[in-house]
Amino acid sequence: MERIIKFRGKRKDNGEWVYGFLVRGVNSYIITQHLFESAFVTLPNVLVAVQAVSVNPVDCKIRTRVSPEQGQVKVLGWDAAGEVVDVGPEVEHFKVGDQVWYAGDLTKAGTNAEFHVVDERIISLKPQNLSFAEAAALPLTSITAWEMLFDRLQVQQHDHPQESILIIGGAGGVGSMA
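No experiment lies behind these values; they were computed from the predicted model shown.

**Concerning the overall build of the chain**
Looking only at helices and strands, the chain features five helices and eight strands. Listing the helices and strands of the chain from first to last along the sequence gives β-β-β-α-β-α-β-β-β-β-α-α-α. A burial count over the chain gives 34% of its 178 residues as buried. Once local pairs closer than 6 in sequence are excluded, the contacts in the chain between residues at least 24 apart make up 60%.

In structure tokens:
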């Protein structure tokens, strides 16, 4: 099995990013269009070395319902945790070495990869008291529970501290988070 032992990014004269990987001593360059997307240059994106991912029911639904375009691949995965290894020119809130967690974007390549390009606006610093695996298990279920309670049901925090909400059929990840 090949193992990436060194990672390096550089910008060509035309502004396109090229990433080089040292794989078992052989230097091979991969252009961003397929694996890292050329948007890395123009948007506030970071490149994350993924350390852990989680699998959600939505991954299975997407796998059975969405086909990649002819000649392309569809990388699945929503939730991830990892370390920032490169930042785009418009990134303001993260730096190389930051440990982050996030739920990815359905319109982009998924998180089931060694490296993942993600918009800095949808990531945050990973809590230090969580492992990468623990952090990767939380984003999508937490966001879904939050949206259900506060956006859809419009539950007000601290309105009635003695009241409870019964969530029927809530034994899964989202119900547990709610």
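Here the narrative resumes.
**Section: unusual backbone geometry**
Residues other than glycine seldom take positive phi values, yet Gln 154 does so here, at roughly 55°. Summarising the element assignment, Gln 154 is placed in the loop between α4 (139-152) and α5 (173-177). Residue class for Gln 154 comes out exposed when judged on its relative accessible area of 56%.

**Some details on empty space enclosed by the protein**
By the definition in use, this model includes two cavities of 30 Å³ or more. Estimated volume of the largest cavity: approximately 90 Å³. Lining the largest cavity are 15 residues, with Val 75, Gly 77, Trp 78, Leu 106 and Gly 110 positioned closest to its centre. Along the lines of polarity and charge, the residues of the lining of the largest cavity split into six nonpolar, five polar and four charged.

**Considering the environment of Glu 92**
Within the fold, Glu 92 resides in the loop between β5 (79-87) and β6 (99-103). Classification of Glu 92 as exposed rests on a relative accessible area of 66%. Measuring from C-alpha to C-alpha, the distance between Glu 92 and Pro 44 comes to 7.7 Å, with 48 residues separating the pair along the chain.

**Observations regarding the layout of surface pockets**
Its volume calculated, the second largest pocket comes out at about 230 Å³. Residue lining of the second largest pocket: 13 residues in total, with Tyr 102, Ala 103, Ile 122, Pro 139 and Ile 143 positioned closest to the centre. Elements represented by at least two residues in the lining of the second largest pocket include exactly β6, β8 (123-125) and α4. Examining the composition of the lining of the second largest pocket, we find that four residues originate from one element, α4, more than from any other. By residue class, the composition of the lining of the second largest pocket is ten nonpolar, three polar and no charged.

**Notes on the packing of aromatic side chains**
Summed over all chains, the structure comprises one aromatic pair. Here Trp 146 and Phe 150 contribute two aromatic rings whose centre-to-centre distance is 4.2 Å and whose plane-to-plane angle is 50°, an arrangement assigned as tilted. Highlighted residues: Trp 146 and Phe 150, both in helix α4, separated by four residues, approximately one helical turn. Classification of Phe 150 as partly exposed rests on a relative accessible area of 23%.

**Some remarks on the nonpolar core**
Val 46, Val 48, Val 50, Ala 80, Val 84, Val 91, Phe 94, Val 100, Tyr 102, Val 118 and Ile 123 together form the largest nonpolar core, which totals eleven residues. Those elements that place two or more of their residues in this core are β4 (45-53), β5 and β6. The greatest single-element share of this core, amounting to three residues, is contributed by β4. Excluding residues that lie within four positions of it along the chain, Val 118 makes contacts with Pro 44, Asn 45, Val 46, Val 48, Tyr 102 and Ile 123.

About the cut-offs
Residues numbered from 1 in each chain as written. Predicted model: local features only at pLDDT ≥ 70, side-chain atom pairs only at ≥ 80, totals over all residues. Heavy atoms only, no water. Helix = DSSP H or I, 4+ residues; strand = E, 2+ residues; numbered from the N terminus. Buried < 20%, exposed > 50% of the residue type's maximum accessible area, 1.4 Å probe, protein only. Contact = heavy atoms within 4.5 Å. 1 Å grid on protein atoms, 1.4 Å probe; cavity = no way out; pocket = protein on both sides within 12 Å on 5 of 7 lines; lining within 4 Å. Points joined across faces, edges and corners; volume = space filled by probe spheres on them. Nonpolar A, V, L, I, M, F, W, Y, C, P; charged D, E, K, R; others polar. Phe/Tyr/Trp six-rings, centres within 6.5 Å; stacked < 30°, edge-to-face > 60°. Core = buried A, V, L, I, M, F, W, Y, C linked by side-chain atoms within 4.5 Å.

From the geometry alone we can't say anything about function, so treat these as descriptive.
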